[in-house]
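Structural characterization, general
Here is how the chains run, residue by residue.
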Amino acid sequence: MRIIRSLALVASFARLLVSGQNGDVCRPQDRTYSDETIPAGSFQPWDLFLNPVTNRASARFYVSIVNLTPHRFVLEHTHQYQMDTFSFGDIPQGRARQNAVKYRNRWATQDDAGEAYYRIDGTDQRFVVRLKGSAPLVENRKVILDLSGMNLGQREYKFPGGETSVTLVIAGSARWGLYASIRHDRGGWMRWIYDTIKDRPIRHLIMPGSHDAGMSRISNKILSIGTVFNTQTQGINIYDQLRAGSRWFDLRVASVHPAYDSGRYDGFWVLHVNNEMADVVVGNSGESLDDVINEINRFTGENPGEVIFFSVRYLVGRYQVPDRGPIVWTPGIMNDFFSKLRAINNRCANLDLGTGFQNQKASYFMDRNGGKGCVIFMLNGQNLREDVPKESLGDGIYAAGRMGVRDMWSDKMKVDALAPDQINGWRAMKRGGSGDYDQLYIAQWISTPDAVASTAVGLQAFAIQQTNPSLYWSGVNSISPDRFPNVILVDYIGVQQKDQTGWDQLSAEMYWLTIGLNLYTVSENCEISKRRSPVLRARGMGLRSRGSEKPWNGIIFANGTKIDNPPPDYHPGRIELLRNGTVFRNGTVLERTIPNPWV
Ligand SMILES: *[C@@H]1O[C@H](CO)[C@@H](O)[C@H](O)[C@H]1NC(C)=O
Ligand SMILES: *[C@@H]1O[C@H](CO)[C@@H](O)[C@H](O)[C@H]1NC(C)=O
Ligand SMILES: *[C@@H]1O[C@H](CO)[C@@H](O)[C@H](O)[C@H]1NC(C)=O
C-alpha cells in the first residue's frame, strides 16, 4: 500500500517536472490560435487599378493588421473627424483584419483624420494607428503606425494606390519579445529561431520566396522589348532579398551569345522571357550570374548558418538577337556553368540522396560547413541534352528532383481570382501527424498579367497595389497551424511604395510574417512541434531573443527620412484636439472641441 502510494507520488512528481520545470511539451489545450470569424475584406477593384485618374483620387483605403502572437489585439477606442468610414476592430490571435477607412474627400479643407487605439491583451503594450489626409489625392493620405509605446518606433506610410492597404504585422509575444514590420531586423532569421525550427523538416517551415529573383534590373543583354515596366519583377537585388528574408529563389539562367556564334558567349545572365525555347523570345536580361554569386557570398559571410535554396531553370543559350532560336547547352557550357557555381561559398556537397531534401530537418542543412549552413542550387534540366550532366554532387549542385516540390502557379491576372485559387491549394493539404503532406509546397502569390496590362501599369504596380497587400488579410486568414504553404513566392519583395527601394525605405511585412508563422502559428501544431511553443515558454526557459540591432524607438517618414532619437513627445499625426463633430467608436458625437484625453 505504502509502496503504491509512493509510486503514485513519484509519478505525479515526474509529471510536475515535465509540465512545471521545463514545461517544454506542446499540448493541444494550450492552443491560442483563434478560429473566430473575421469580417471579409476587399480586393482593390480592377477598374480602379487600371484607371490612373480615379485611382489617384480614391478616398477609400485599408489598414491591415496581422496578429502573430498568442495575445488578442483589443481595440480600446477610436475617434474620427469627417471620415465616412472608420471601421476598426479586434484582431484575434493568429489572424488578420483589414480595417476600412473612407475620407470625405472634399477639395476644400482636408482635415479628415482618425485614430485607433489598441491594447495587446494580457500585456501592458499598446499601439496606435493614426490616419490623416492633407489633400484629396492618394499621395497625401498618410497612415502613421505608432508603436513607440512598445519601444518599436513609429512609421509614416503612404498608400500604394487607391483602395489599397497599408499593413502592420506584429510577431512574437510578451515573453519572447514583440516585433513589428515597420523595419527589418537581423538578416539571418533562420539562425535566430534555430531552436524552434532545427528539428522540423524543411516541408514544415515557411519561407519567403522571390519570383524571377535576378530581375531586379534590366541589363539589355538581349535586344528585345522587355522593359522595366513589363519584365522587371523585383526592386532589390539578391543580397537585399536575402536580408529581407527570402530563402527560395526562382532563378532563370541562360548563356548569352553574339549574333552568329553559338560557340562563344558573353557569360551567364538571368533572363526573364516568355518562353526560353521559342524561336523569338520576348523579355530581357537582369543580373549577371557573377553578381548573383557575389551577393550570395556577401550575405552568407555576414549571416552564417541559414539554408538557402536556388531553383534554377532555363539553362539554355540565347543569341543577343532574340529571333534565332535557343542554343542547347553542350557539356562544355555546362561544365563552365558548374565551375562558375563553385565560387559560391557554403555549398553542401554529397548530401544524402536517400531522403528527399524536403524531408530533412532544417538542422541537417543549417549545421553544415561548421555551422555556416547551406546554399543549395537545384537545377531543372528539362532543356538539357542527354549527354549533359544535370548535377554535380561533389560540388553541392543537385537536380531539382532531389526535393519533392509542388509548385502552385495560378496563371491569373486579377487578384480576386488569384487569392482564392492559391488559398484553396494550401487548404487542401494537412500538415503534421498521419496524412501529413509530404512535399514542399510553393504558393505563387503573384499575378500573371497579360502583355497589355503589364505594359500599361507595370509589374511593380501589380505587386505593390494588388497582390502583395492582399496576402496579409486574405492569405494570412487562411493560414492555420494545420494548413500552410512552405514557400510564399512574391514579386517585389520588401517594396511598399513605388520605386522606394533603399534599404531603409523597404517595409518588413514579409520578414515578420515568416518569423511569426514559424515561431507562433506552426508551433501550435503539436504534431509538428513536440515542444511547447517558444512564445508561450516562461521567460528564462527559452531564449528571449532580442534582435541583433539595438532597441530602436525612432521614426521613419514616408519620404524616407529617418530619425533615430526623436523627442519623447513627438508623435507625427497625433490629434491633440478633438474637434466639435468628432465621432467616437460608440457613435457619440462631440458637440464642442476638447483636448484629446487619449494623448
Ligand atoms: C521628410 O518628411 C519629414 C516629416 O514631414 C520632414 O520633416 C523632412 O524634412 C522631410 N525630408 C525630406 C528630405 O523631404
Ligand atoms: C462613448 O465613448 C466615449 C469615449 O470613450 C465615452 O466618454 C462615452 O461615455 C461613451 N458614450 C456612451 C453612450 O457609452
Ligand atoms: C458644434 O457644431 C455644431 C454643428 O456645426 C454647432 O451647431 C454647435 O454650435 C457647435 N458647438 C460649439 C460649442 O461650437
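Residue indices follow the written sequence of each chain, beginning from 1 at its first position. Each chain takes a letter, starting from A, and each ligand takes a number, starting from 1, following the order in which they are written. With the structure being a predicted model, the display of local features is reserved for residues of pLDDT at least 70 and the display and counting of side-chain atom pairs for 80 or more, all residues being used for whole-chain, interface and lining totals. Heavy atoms from the whole structure form the basis of all side-chain values; hydrogens and water molecules are not counted.

If you check an unreviewed UniProt entry, the protein chain appears there as PI-PLC X domain-containing protein 1 from Cladorrhinum samala.

Two cysteine sulfurs form a disulfide in these notes if their separation is within 2.5 Å. Taken as a whole and judged by the stated rule, the model has two disulfides. In this model Cys26 forms its disulfide with Cys526; the gap between the sulfur atoms is 2.1 Å. Of note, the bridge from Cys26 to Cys526 carries an S-S torsion of about -75° and is left-handed in sense. A residue pair is termed long-range when its members are at least 10 positions apart, and Cys26 in the loop between helix H1 (2-22) and helix H2 (46-50) and Cys526 in the loop between helix H15 (509-521) and strand E22 (555-556) qualify at 500 residues. For helices the rule is a DSSP run of H or I covering at least 4 residues; for strands it is a run of E covering at least 2, with both sets numbered from the N terminus onward.

The next thing to look at is the site of ligand 2. Neighbouring ligand 2 are His77, Phe584, Asn586 and Thr588. Asn586 has a polar side-chain atom sitting 2.4 Å from an oxygen atom of ligand 2. As used in this structure description, the phrase polar contact means that two N or O atoms lie within 3.5 Å; if the pair is within protein, one of them must be able to donate a hydrogen and the other to accept it, and residues adjacent in sequence are counted only when both atoms belong to side chains. At a separation of 3.3 Å, a nitrogen atom of ligand 2 approaches a polar side-chain atom of Thr588. Its free accessible area being 360 Å², ligand 2 has 36% of it covered by the protein chains. One heavy atom suffices: a residue is near a molecule or strand as soon as one of its heavy atoms comes within 4 Å of it. Accessible surface is estimated by sampling points in the Shrake-Rupley manner with a 1.4 Å probe; for residues, cover comes only from the protein chains shown.

A word on unusual backbone geometry. Its identity as a non-glycine residue notwithstanding, Leu315 has a phi of 50°, on the positive side. Relative accessibility under 20% of the residue-type maximum defines a buried residue, over 50% an exposed one, and the middle range a partly exposed one, all with a 1.4 Å probe and only protein chains included. Since its relative accessible area comes to 0%, Leu315 is described here as buried. In this model, Asn350 sits at a positive phi of 50°, which is unusual for a non-glycine residue. Secondary-structure assignment places Asn350 in the loop between helix H9 (331-341) and helix H10 (362-366). A relative accessible area of 57% places Asn350 in the exposed class.

The next subject is the site of ligand 3. Around ligand 3, the neighbouring residues are Asn580, Glu591 and Arg592. Between Asn580 and ligand 3, the recorded distance is 2.3 Å, taken from a side-chain N or O atom to an oxygen atom. In this structure, Glu591 approaches ligand 3 through a main-chain N or O atom, which is 2.9 Å from a nitrogen atom. Starting from 360 Å² of accessible surface for ligand 3 in isolation, the protein chains cover 23%.

Turning our attention to the packing of aromatic side chains. Stacked, tilted and edge-to-face are the three classes applied to pairs of Phe, Tyr and Trp rings, where Trp contributes its six-membered ring and a pair requires centres within 6.5 Å; stacked means planes under 30 degrees apart, edge-to-face means over 60, and tilted covers the rest. Counted according to the given criterion, the structure contains 29 aromatic pairs. Ring centres of Trp192 and Trp512 lie 5.8 Å apart, and the angle between their planes is 80°; on these two criteria the pair is classed as edge-to-face. Placement of the pair is Trp192 in helix H4 (residues 189-192) and Trp512 in helix H15, with a sequence separation of 320 residues. With respect to class, Trp192 is no different from Trp512; both count as buried. Aromatic side chains Phe357 and Phe365 sit 6.0 Å apart centroid to centroid with 75° between the ring planes, which places their arrangement in the edge-to-face category. With relative accessibility at 0%, the residue Phe357 sits in the buried group.

Strand E20 (residues 440-444) sits mainly inside the fold: five of its five residues count as buried. If DSSP finds at least two bridges between two strands, the strands pair. Bridge count between strand E19 (residues 405-408) and E20: four bridges; the pairing is parallel. Among the inter-strand pairings, Asp407 is bridged to a residue of E20, identified as Ile442. Crossover handedness is defined by viewing with both strands directed away from the observer: a clockwise path from the first strand over the helix to the second marks the crossover as right-handed. Following the chain from E19 across helix H12 (residues 415-427) to the adjacent parallel E20, one finds a crossover that is right-handed. As paired elements, E20 and strand E21 (residues 487-490) share three bridges and run parallel to each other. From the neighbouring strand, Gln444 faces E21, where its bridge partner is Leu489.

What describes two packed helices is the angle between their axes and the distance between those same axes. Helix axes are fitted to C-alpha atoms over the stretch in contact, other axes to C-alpha atoms as well, and angles between N-to-C directions run from 0 to 180 degrees. Two elements in contact, helix H8 (residues 289-302) and H9, have axes whose closest approach is 10 Å; the angle formed by their N-to-C orientations is 25°. Considering the angle they form, H8 stands roughly parallel to H9. Residues Leu289, Asp290 and Ile293 of H8 lie in contact with H9, whose contacting residues are Phe337, Lys340 and Leu341. Residue polarity is assigned by list, with Asp, Glu, Lys and Arg as charged and Ala, Val, Leu, Ile, Met, Phe, Trp, Tyr, Cys and Pro as nonpolar; anything else, Gly included, falls into the polar class. Its residues assigned to classes, the contact of H8 with H9 comprises four nonpolar, no polar and two charged. Any angle from 65 to 115 degrees is called roughly perpendicular, while one under 35 is roughly parallel, one over 145 is roughly antiparallel, and all others are oblique. Pairs of residues are marked as contacts when any of their non-hydrogen atoms sit within 4.5 Å.

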